[in-house]
Amino acid sequence: MEQQTLAIHAGYDKTFGYGSMSVPIEQTTAYAFRDADHAANLFSLKELGPIYSRLTNPTLDVLEKRYVALEKGASAIAVASGQSAIFYAIANLAEAGDNVLMSNKLYGGSVTLLAHTMKRFGLSVKVFDCENADNLETLIDDKTKAIFFESLSNPQIAVSDVEKIVAIAKKHGVITVCDNTVATAALFNPITWGVDVVVHSASKYTDGQGRAIGGIVVEREGLNEFFASNPRYTHFSLPDESYHGLVYTSLPLPCFCLRIRLALLRDIGACMSPFNAWLLINGLETLSLRVERHSKNALEVAKFLESCPNVKGVNYPALESHKGYAKAKKYFKDGYASGLLSFDVGSFEEAKSIINSVKLFSVVVNIGDSKSLITHPASTTHSQIPADELIKSGINPATIRLSIGLEDPKDLIEDLKKAFN
Ligand SMILES: *Cc1c(COP(=O)(O)O)cnc(C)c1O
């Protein structure tokens, strides 16, 4: 079936229960077992079913199945936030003494998570150039457990060379983890280009109206076979002491998300609330319609900015002047490039003054809302990152990032014009 049909129907059986057309919110902590044997069977995975909402929940189950369909994967797990999705994906692969290869163009929270917080857990990171992957292969060693990058990066709006990253990863048997938050499942499906694991911050375009925090991890088909024969990741193919000797790769279920659920979600517990899952399911129904409009509006605003004398550079991959233009055209549906764009003005001070002058744009550190948003990364999202790392990750102190919403672009352009004067 086509993407827009799946976005509306996948994962939900309306003949179940009362036949509610809206997916029911199963707002419960726990589930009654029929008897002691039923309980024992659920715990030993002889029978599958809900036990406790930290691990599984029927509303989340619909969101997970819908994401599997949209991202063309084998299994998915919904978690508390994009940050926790990234944490779980990486913690599922790497432990103390291992290293992760991290793109040079990433969300600020991913940089602090990997290079600072997880470093204190004994993990090290090495940085590669995501736009050409020239130095990627030289960084891989026996302890490399993941290659992490964003298909379309926030806030640098860089387009990764997905095919080259995937080819190098496959040659060395290393798992690729792609954060597809900005491109969204509507424009790009990393799994169809060979990526192993996709993560999303569902708080952005999935929700689409800035109402709920959530995250999702999706794995491709075939990871059980991959892990069963790969000496880099023995924790999937050796008995898990913490789960009475379970061997994940020997189960008839996709092992990557299963291990996150049974081991990491069990122990760390950053789970999604059923209410948020319901909001996100509703968000997905209109995802591709919205992303198309966000992209069209953003292109109009980007063209206007390109014509402004105060603007030193406009960064939007659907503009022919952008260095990622060819990749965006190749990878993203109809060459659309999301609602995210950035531009540089003359100075840090000038950037702040524009932020202080706009009326229609809200000064918000979020993206993917139906309302247009404006941020100054250097003084907000990326202010915890030291200046030298900031420049390395492509953030100029005079950069302004816009998340173009669903308003009429004429009004947005008018608002920016006034702020420039
Ligand atoms: C927002 C964002 C995250 C973090 O997601 P939360 O849901 O806010 O935890 C991760 N990656 C990217 C690209 C993001 O934009």
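Definitions and limits used
- Residues numbered from 1 in each chain as written.
- Predicted model: local features only at pLDDT ≥ 70, side-chain atom pairs only at ≥ 80, totals over all residues.
- Heavy atoms only, no water.
- Helix = DSSP H or I, 4+ residues; strand = E, 2+ residues; numbered from the N terminus.
- Rg over C-alpha atoms; globule rule 2.2 N^0.38 Å.
- Buried < 20%, exposed > 50% of the residue type's maximum accessible area, 1.4 Å probe, protein only.
- Phe/Tyr/Trp six-rings, centres within 6.5 Å; stacked < 30°, edge-to-face > 60°.
- Lys NZ or Arg CZ within 6 Å of the ring centre and 35° of its normal.
- Axes fitted to C-alpha atoms, helices over the stretch in contact; angles between N-to-C directions.
- Left-handed = near helix turned anticlockwise from the far one by under 90°.
- Contact = heavy atoms within 4.5 Å.
- Nonpolar A, V, L, I, M, F, W, Y, C, P; charged D, E, K, R; others polar.
- Near = heavy atom within 4 Å.
- Polar contact = N/O pair within 3.5 Å; in protein donor to acceptor, adjacent residues only side chain to side chain.
- Parallel < 35°, antiparallel > 145°, perpendicular 65-115°, else oblique.
- Domains from an automatic or database assignment.
- Buried area = accessible area lost by both parts, 1.4 Å probe.
- Salt bridge = Lys/Arg side-chain N within 4 Å of Asp/Glu carboxyl O.

1. Some details on the overall build of the protein chain
Here's step 1: Of regular secondary structure, the protein chain possesses 16 helices and 12 strands.
Here's step 2: Rg of the C-alpha trace for the protein chain: 22 Å, near the compact-globule value of 22 Å for 421 residues, within the 12% margin.
Here's step 3: The C-alpha extent of the protein chain, read off along each of the three principal axes, is 75 × 55 × 35 Å.
Here's step 4: Relative to its full complement of 421 residues, the protein chain shows a buried share of 57%.

2. Some points on the packing of aromatic side chains
Here's step 1: Scanning the model with the defined rule gives 15 aromatic pairs in all.
Here's step 2: Centroid distance Trp193 to Tyr331: 4.8 Å. Interplanar angle 90°. Geometry classified as edge-to-face. Of this pair, Trp193 sits in the loop between helix 8 (184–187) and strand 6 (197–201) while Tyr331 sits in helix 13 (residues 325–331), and the two are 138 residues apart along the sequence.
Here's step 3: Counting every residue linked through ring pairs, the aromatic cluster contains Phe226, Phe227, Tyr233, Phe236 and Phe256.
Here's step 4: In this structure, Arg259 packs its charged tip against the face of Phe236, placed 5.5 Å from the ring centre.

3. Description of the packing of helix 4 (residues 82–91) against helix 5 (residues 108–117)
Here's step 1: Following both chains from N to C, one finds helix 4 and helix 5 inclined at 35°, their axes separated by 10 Å at the closest point. Considering how the two elements wind past one another, helix 4 and helix 5 form a crossing that is right-handed. On the side of helix 4, the interface is formed by Gln83, Ile86, Phe87 and Ile90, while helix 5 contributes Gly109, Ser110, Leu113 and Leu114.
Here's step 2: Of the residues that constitute the contact of helix 4 with helix 5, the class distribution is five nonpolar, three polar and no charged.

4. Regarding the site of the ligand
Here's step 1: Around the ligand, the surrounding shell holds 14 residues, and the nearest of these are Gly82, Asp179, Ser201, Ser203 and Lys204.
Here's step 2: Separating an oxygen atom of the ligand from a side-chain N or O atom of Ser203 is a distance of 2.6 Å.
Here's step 3: Counting residues per element, the shell around the ligand draws most heavily on helix 4, at three residues.
Here's step 4: Its residues assigned to classes, the shell around the ligand comprises three nonpolar, eight polar and three charged.

5. Quick word on helix 5
Here's step 1: Counting buried positions over the 10 residues of helix 5 gives seven, a clear majority of the element.
Here's step 2: Of all the residues in helix 5, the buried ones are Gly108, Gly109, Ser110, Val111, Leu113, Leu114 and Ala115.
Here's step 3: Tucked into the core, helix 5 has its buried residues touching helix 4, strand 2 (99–103), strand 3 (124–128), strand 4 (144–150) and helix 15 (387–392).

6. Quick notes on the packing of helix 4 against helix 10 (residues 255–268)
Here's step 1: Relative to each other, helix 4 and helix 10 sit at 110°, their axes nearing to 10 Å. Relative to helix 10, helix 4 is oriented roughly perpendicular. In terms of crossing hand, the pair formed by helix 4 and helix 10 is right-handed. Facing helix 4, whose interface residues are Phe87, Tyr88, Ala89 and Ala91, helix 10 presents Phe256, Arg259, Ile260, Leu264, Leu265 and Ile268.
Here's step 2: The residue makeup of the contact of helix 4 with helix 10, split by class, is nine nonpolar, no polar and one charged.

7. A closer look at the environment of Pro377
Here's step 1: Locating Pro377 in the fold gives a position in the loop between strand 11 (373–375) and helix 15.
Here's step 2: Pro377 sits 222 residues away from Pro155 along the chain, and the two C-alpha atoms are 7.7 Å apart.
Here's step 3: Non-local contacts of Pro377, meaning those with residues more than four positions away in its chain, are made with Pro155, His382, Ser383, Ile395, Thr399 and Arg401.

8. A few points about the domain arrangement of the protein chain
Here's step 1: Here the protein chain is described as being made up of domain 1 (3–282) and domain 2 (288–420).
Here's step 2: Averaged C-alpha coordinates put domain 1 and domain 2 at centres separated by 28 Å.
Here's step 3: Contacts between the two partners involve 37 residues from domain 1 and, on the opposite side, 39 residues from domain 2.
Here's step 4: Between domain 1 and domain 2 lies a buried interface of about 3100 Å² when both sides are counted; carbon and sulfur atoms form 61% of it.
Here's step 5: For the domain 1 face of the interface with domain 2, the top three residues by lost area are Ile157, Leu187 and Tyr205, together amounting to 25%.
Here's step 6: Our count for the domain 1 to domain 2 interface comes out at two salt bridges.
Here's step 7: Between Lys323 and Glu131 there is a salt bridge, and its shortest N-O distance comes to 3.5 Å.
Here's step 8: At the boundary of domain 1 and domain 2, one finds 15 residue pairs in polar contact (both at pLDDT 80 or more).
Here's step 9: Listing elements by their share of the side of domain 1 that touches domain 2, those giving two or more residues are helix 5, helix 7 (162–172) and helix 8.
Here's step 10: Here the residues of the side of domain 1 that touches domain 2 are counted per class, giving 15 nonpolar, 16 polar and six charged.

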